[in-house]
Amino acid sequence: MNEDQAPQYRLLVKEVEEPELVKGTTILDQPPSLRLRPWQWWILVTLNITFLLIGQCGAVILGRFYYDQGGTSKWMATLVQTAAFPIFYIPFFFFPSPKNLPVTTTAAAILDRPSIPMLSLIYFFLGALLAGDNMLYSIGLLYLPVSTYSLICTTQLAFNAIFSFFINSQKLTPWIINSLVLLTLSASLVAVNSDPTEHKGVSKGKYALGFICTLGASTCYSLLLSLMQLSFEKVLKRETLSVVLEMQIYTSLVATFISIGGLFASGEWRDLRDEMESFKEGRVLYFMALVGASLAWQVSSIGVVGLIFVVSSLFANVISTLALPLVPVAAVLFYRETMNGAKVVAMLLAIWGFAWYLYQHYLDGNEPRVKEMSSNEVFDESSS
């Protein structure tokens, strides 16, 4: 190998041997997936997916139980979605930040960290958006059957693709467009075949309000995910475990305080004692329903955080959407809701749309491997 080929050789070696890092991070800052064996990685992914699916299904079922047994406070239903956020402090004890970072790395991390006013503004805005999103979900669940509510929520994946295109510069591939069409058809089928009489005690106006609020909540949640991703990329510039947990903790803290403020400002707090006394299953199950729903939401969030840390934000959103078509099945088992032909077709369309989206994620995940194989081929040709 002559001297002219030496710089090219060193460049190729660097491209092959070094993992691609997010700007502003170090190897020690990277997710443990870079240092785990394949079977360990799969165990972590499976565990987080289980947390997410069980938590999300349990939270929706318990939320519906709260309303069915006499609960009426929309702000209380909103509050329980974030009130158990202190549980996120537990991972800090099990996965502490590395203490043996080099001095240069520590200094670079401090200099690259955004200012406290900037962080406060980001957390407050995202927390307020989260509180509004939770309120919309609470209204939707109050006025809609669980199966209808969940099928409408599947549209969040379609909205996420749209917001990701405009905010996160994600490409709209044919697979994603197919997913958008199928999810839109699924929601439209539920809307056209909606029957307010299947949910007792709800007028047509409230049923329509529930439909609109649930659709709005899906839109708001997708916007929230895209803005969080933008914050990680442009402001925080890292997606380490501690940064992801801080995002969850502080946005949930803001959302919790806003929900408490709404509970008192609306006057609903005055009715909580009567609500507890008149709860059909008694006081104990009243508290258990609220505490259980709160813990279920956080278990789901732990699964999301774990998937963001081990895989990616996009994958976490895809898996969270996977739980939504499963909730109608749980609703049939627990509440004996009717699954008419339209709902079955809508659920199949939602699953089909999800499959297209997941396939695109699979293709995106293979791109780095293809590039690495191409680099290896160039390296082999240069060294021969």
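In this text the structure is predicted, and so the values were computed from the model without any measurement.

1. Some points on the overall build of the chain
Logical step 1: Along the chain, the regular secondary structure elements total 15 helices and zero strands.
Logical step 2: Counting over 384 residues, the chain shows a buried share of 48%.
Logical step 3: Sequence separation of at least 24 residues holds for 84% of the intrachain contacts in the chain that already meet a minimum separation of 6.
Logical step 4: Surface summary for the chain: the accessible area is close to 19,900 Å², and the carbon and sulfur share equals 67%.

2. Comments concerning the packing of helix α11 (residues 241-265) against helix α13 (residues 283-310)
When two helices pack together, you describe them by how their axes are tilted relative to each other and by the distance separating the axes.
Logical step 1: Remark: α11 packs on α13, axes separated minimally by 10 Å, with the N-to-C direction vectors making an angle of 150°. Seen along the crossing, α11 lies across α13 with a hand that is right-handed. Only Ser-301, Val-305, Ile-308 and Phe-309 of α13 make contact with α11, whose side of the interface consists of Leu-241, Val-244, Leu-245 and Gln-248.

3. Digging into the packing of aromatic side chains
Logical step 1: Scanning all chains against the criterion turns up nine aromatic pairs.
Logical step 2: Their ring planes at 50° and their centres at 5.4 Å tell us that Tyr-66 and Tyr-67 sit as a pair that is tilted. This pair shows no difference in class: Tyr-66 is buried, exactly as Tyr-67 is.

4. Notes on the confidence of the model for the chain
A low pLDDT score tells you not to read the predicted coordinates there in detail.
Logical step 1: Taken over all residues, the pLDDT of the chain has a mean of 76, while the share at 70 or more is 68%.
Logical step 2: Mean pLDDT across the secondary structure elements of the chain bottoms out at helix α1 (residues 5-17), with 40, and peaks at helix α3 (residues 74-79), with 95.
Logical step 3: Long-range and interchain partners of residues 1-34, a stretch whose pLDDT sits below 50, account for 35 contacts in this model, where long-range means more than four residues apart.
Logical step 4: Low pLDDT, under 50, characterises residues 99-108; the predicted model gives this stretch four contacts beyond four residues in sequence or across chains.

5. What to know about a nonpolar patch on the surface
Logical step 1: The grouping of Ile-162, Phe-165, Phe-166, Leu-172, Ile-177, Val-181 and Leu-185 at the surface amounts to a nonpolar patch, some 630 Å² of accessible area in total.
Logical step 2: Among the elements of the structure, α8 (156-167) and α9 (174-192) are those that each provide at least two residues to the nonpolar patch.
Logical step 3: In this structure, Ile-162 sits in helix α8.

6. Thoughts on the environment of Gly-55
Logical step 1: By the secondary structure assignment, Gly-55 is in helix α2 (residues 38-68).
Logical step 2: Separated by 247 residues in the primary sequence, Gly-55 and Ile-302 place their C-alpha atoms 9.0 Å from one another.
Logical step 3: Among all residues touching Gly-55, those that are not within four sequence positions of it are Thr-50, Ala-296, Trp-297, Val-299 and Ser-300.

7. Overview of the nonpolar core
Logical step 1: In terms of nonpolar packing, the biggest core is built from 36 residues, with Tyr-66, Met-76, Tyr-149 and Tyr-286 touching the most fellow members.
Logical step 2: Elements with a minimum of two residues in this core: α2, α3, α6 (116-143), α7 (146-153), α10 (204-236), α12 (272-278) and α13.
Logical step 3: Every residue in contact with Met-76, bar those within four places of it in the chain, is listed here: Tyr-66, Leu-263, Glu-268, Leu-272 and Leu-290.
Logical step 4: Core analysis: the second largest hydrophobic core is formed by 35 residues, Val-45, Tyr-123, Met-247 and Val-310 among them.

8. Overview of the environment of Phe-85
Logical step 1: Take Phe-85: it is sitting in the loop between α3 and α4 (90-94).
Logical step 2: Along the sequence, Phe-85 and Ser-294 sit 209 residues apart, while their C-alpha atoms lie 8.8 Å from each other.
Logical step 3: Discounting residues that sit within four places of it in the chain, Phe-85 has contacts with Ile-249, Ser-252, Leu-253, Thr-256 and Gln-298.

9. So, the pattern of salt bridges
Logical step 1: By the definition in use, this model includes two salt bridges.
Logical step 2: The partner of Arg-64 in a salt bridge is Asp-68, and the shortest N-O contact between them spans 3.1 Å. Of this pair, Arg-64 and Asp-68 both sit in helix α2, separated by four residues, roughly a single helical turn.
Logical step 3: Arg-64 sits in the buried class, given a relative accessible area of 3%.
Logical step 4: You can call Asp-68 partly exposed: its relative accessible area is 28%.
Logical step 5: Among the ionic pairs, Arg-283 bridges to Glu-277, the shortest N-O distance being 2.4 Å.
Logical step 6: Owing to a relative accessible area of 47%, Arg-283 belongs among the partly exposed residues under this scheme.

Criteria and thresholds
Residues numbered from 1 in each chain as written. Predicted model: local features only at pLDDT ≥ 70, side-chain atom pairs only at ≥ 80, totals over all residues. Heavy atoms only, no water. Helix = DSSP H or I, 4+ residues; strand = E, 2+ residues; numbered from the N terminus. Buried < 20%, exposed > 50% of the residue type's maximum accessible area, 1.4 Å probe, protein only. Contact = heavy atoms within 4.5 Å. Areas by Shrake-Rupley, 256 points an atom, 1.4 Å probe, with all protein chains shown as cover. Axes fitted to C-alpha atoms, helices over the stretch in contact; angles between N-to-C directions. Left-handed = near helix turned anticlockwise from the far one by under 90°. Phe/Tyr/Trp six-rings, centres within 6.5 Å; stacked < 30°, edge-to-face > 60°. pLDDT = per-residue confidence, 0-100. Patch = residues over 30% accessible without salt bridge, like charges linked within 9 Å, V, L, I, M, F, W, Y side chains within 5 Å. Salt bridge = Lys/Arg side-chain N within 4 Å of Asp/Glu carboxyl O. Core = buried A, V, L, I, M, F, W, Y, C linked by side-chain atoms within 4.5 Å.

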